[in-house]
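# Structural characterization, general
Residue strings, one per chain:
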Amino acid sequence: GAVVSQHPSWVICKSGTSVKIECRSLDFQATTMFWYRQFPKQSLMLMATSNEGSKATYEQGVEKDKFLINHASLTLSTLTVTSAHPEDSSFYICSAPDGGGSSYEQYFGPGTRLTVT
Amino acid sequence: KQEVTQIPAALSVPEGENLVLNCSFTDSAIYNLQWFRQDPGKGLTSLLLIQSSQREQTSGRLNASLDKSSGRSTLYIAASQPGDSATYLCAVRTGRRALTFGSGTRLQVQP
């Protein structure tokens, strides 16, 4: 199956700093990638849809100026958490669909655990 | 807006038991449904993908069924093992390409 990688796998940062998380599709091209967030003991919630060569689409309640998304190539999307605060501490997971039409399967990265102190 | 519900929220069974995890969704106009496994602190492992035109999918000891009209799916795990202990997530894809996830079932299989 297709492989999606994320880097870093975990990061600890101080409040007020910015953190960049990378999501890569290793053996396929992805014009669209998705960023999810998962709080402890909760399910995954979609944050935004990353579109190659155009602006990301954010879900209601997600601040686009705080969570900057860049999808500069067909294999790489980045999520930058700006001016991070402790409440941004969470597990961030990206995914990318492989295949076309309505039958494609989504492949998920291993996730990045962000802790803001 | 699509909503996905999973029952039970947690389940503890002795090793060897067969078990069923339930997933329901409010909008039956789905393209597909995926079952995932998530170990503590880890990412997602895709278990089974069922297209909207399919009724079930099988992989080893796992069998997933889909009744799109009633908005339900079940994941059947045969002869459960301690290594099956994890959180199982159900997710559906509707009009947009992202997935909507249920809150998961935390499974503990006792040796």
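Below you will find a few notes about this structure. (Residues numbered from 1 in each chain as written. Chains lettered and ligands numbered in written order. Predicted model: local features only at pLDDT ≥ 70, side-chain atom pairs only at ≥ 80, totals over all residues. Heavy atoms only, no water.)

Between H7(A) and P8(A) the backbone carries a cis peptide bond, its omega angle lying at 0 degrees. By secondary structure assignment, the location of P8(A) is in the loop between β1 (4-7) and β2 (10-13). Along the chain, I7(B) connects to P8(B) via a cis peptide bond; the corresponding omega equals 0 degrees. Looking at the secondary structure, you find P8(B) in the loop between β1 (4-7) and β2 (10-14). Within the chain, K41(A) stands out as a residue other than glycine whose phi angle is a positive 60 degrees. Position of K41(A) relative to the elements: it lies in the loop between β4 (32-38) and β5 (44-51). The phi angle at S83(A) is positive, at roughly 45 degrees, despite the residue not being glycine. Position of S83(A) relative to the elements: it lies in the loop between β8 (76-81) and β9 (90-98). Residue classification places S83(A) among the partly exposed positions, given a relative accessible area of 35%. (Helix = DSSP H or I, 4+ residues; strand = E, 2+ residues; numbered from the N terminus. Buried < 20%, exposed > 50% of the residue type's maximum accessible area, 1.4 Å probe, protein only.)

Of the volumes computed, that of the second largest pocket is approximately 420 Å³. Considering the residues around the second largest pocket, the lining is formed by 20 residues, among which K41(A), Q38(B), P40(B), T87(B) and R106(B) are closest to the centre. If you list the elements that add at least two residues to the lining of the second largest pocket, you get β9 (86-93) and β11 (105-110) of chain B. For the lining of the second largest pocket, the per-class residue count stands at 7 nonpolar, 8 polar and 5 charged. (1 Å grid on protein atoms, 1.4 Å probe; cavity = no way out; pocket = protein on both sides within 12 Å on 5 of 7 lines; lining within 4 Å. Points joined across faces, edges and corners; volume = space filled by probe spheres on them. Nonpolar A, V, L, I, M, F, W, Y, C, P; charged D, E, K, R; others polar.)

What follows concerns the nonpolar core. Counting residues in hydrophobic clusters, the biggest one holds 26 residues, and the most contacted among them are V4(A), W35(A), F67(A), L79(A), Y92(A) and L114(A). Where this core is concerned, the elements lending two or more residues are β2, β3 (19-25), β4, β5, β7 (67-73), β8, β9 and β11 (112-116) of chain A. Non-local contacts of F67(A), meaning those with residues more than four positions away in its chain, are made with R37(A), M47(A), Y58(A), V62(A), L79(A), T80(A), V81(A), D88(A) and Y92(A). Judged by nonpolar contacts, the second largest core, of 23 residues, contains V4(B), F25(B), L66(B) and I77(B). (Core = buried A, V, L, I, M, F, W, Y, C linked by side-chain atoms within 4.5 Å. Contact = heavy atoms within 4.5 Å.)

Moving on, we get to the interface of chain A and chain B. On the chain B side, the residues contacting the 22 residues of chain A number 21 residues. When the two sides are added together, the surface that chain A and chain B hide from each other amounts to roughly 1700 Å², 50% of it contributed by carbon and sulfur. Taken together, the connections running from chain A to chain B amount to 0 salt bridges. Our enumeration of links across chain A and chain B arrives at 6 residue pairs in polar contact (both at pLDDT 80 or more). Of all elements in the fold, only β4, β5, β9 and β10 (105-108) of chain A reach the threshold of two or more residues within the side of chain A that touches chain B. Across the side of chain A that touches chain B, the residue classes break down as 10 nonpolar, 9 polar and 3 charged. (Buried area = accessible area lost by both parts, 1.4 Å probe. Salt bridge = Lys/Arg side-chain N within 4 Å of Asp/Glu carboxyl O. Polar contact = N/O pair within 3.5 Å; in protein donor to acceptor, adjacent residues only side chain to side chain.)

Residue and element names in this part refer to chain A. Relative to the assigned elements, S50 resides in strand β5. Under the relative-accessibility criterion, S50 is labelled buried at 0%. At 2.9 Å, the side chain of S50 forms a polar contact with the side chain of S77. Excluding residues within four positions of it along the chain, S50 makes contact with T31, T32, M33, W35, A56, I69, H71 and S77.

Positionally, T82(A) belongs in the loop between β8 and β9. The residues touching T82(A), leaving out its near neighbours within four places in the chain, are T17(A), S18(A), D65(A), K66(A) and L68(A).

Attention shifts here to the state of the cysteines. The tally for this structure, following the rule as stated, stands at 2 disulfides over all chains. Bridging C23(A) to C94(A), the disulfide has an S-S length of 2.0 Å. For the disulfide bridge between C23(A) and C94(A), the dihedral angle about the S-S bond is near 85 degrees, and by the sign convention the bridge is right-handed. A residue pair is termed long-range when its members are at least 10 positions apart, and C23(A) in strand β3 and C94(A) in strand β9 qualify at 71 residues. Looking at C23(A), the relative accessible area reads 0%, which means it is buried. With its sulfur 2.0 Å from that of its partner, C23(B) forms a disulfide with C90(B). Taking the sign of the torsion about the S-S bond as the criterion, the disulfide between C23(B) and C90(B), at about -60 degrees, is left-handed. One end of the pair, C23(B), is in strand β3 (residues 19-25); the other, C90(B), is in strand β9, with 67 residues separating them in the sequence. For the pair C23(B) and C90(B), a shared accessibility class is recorded, and that class is buried. C13(A) carries a free sulfur, and the closest cysteine sulfur to it, the one in C94(A), is 18 Å from it. (Disulfide = S-S within 2.5 Å.)

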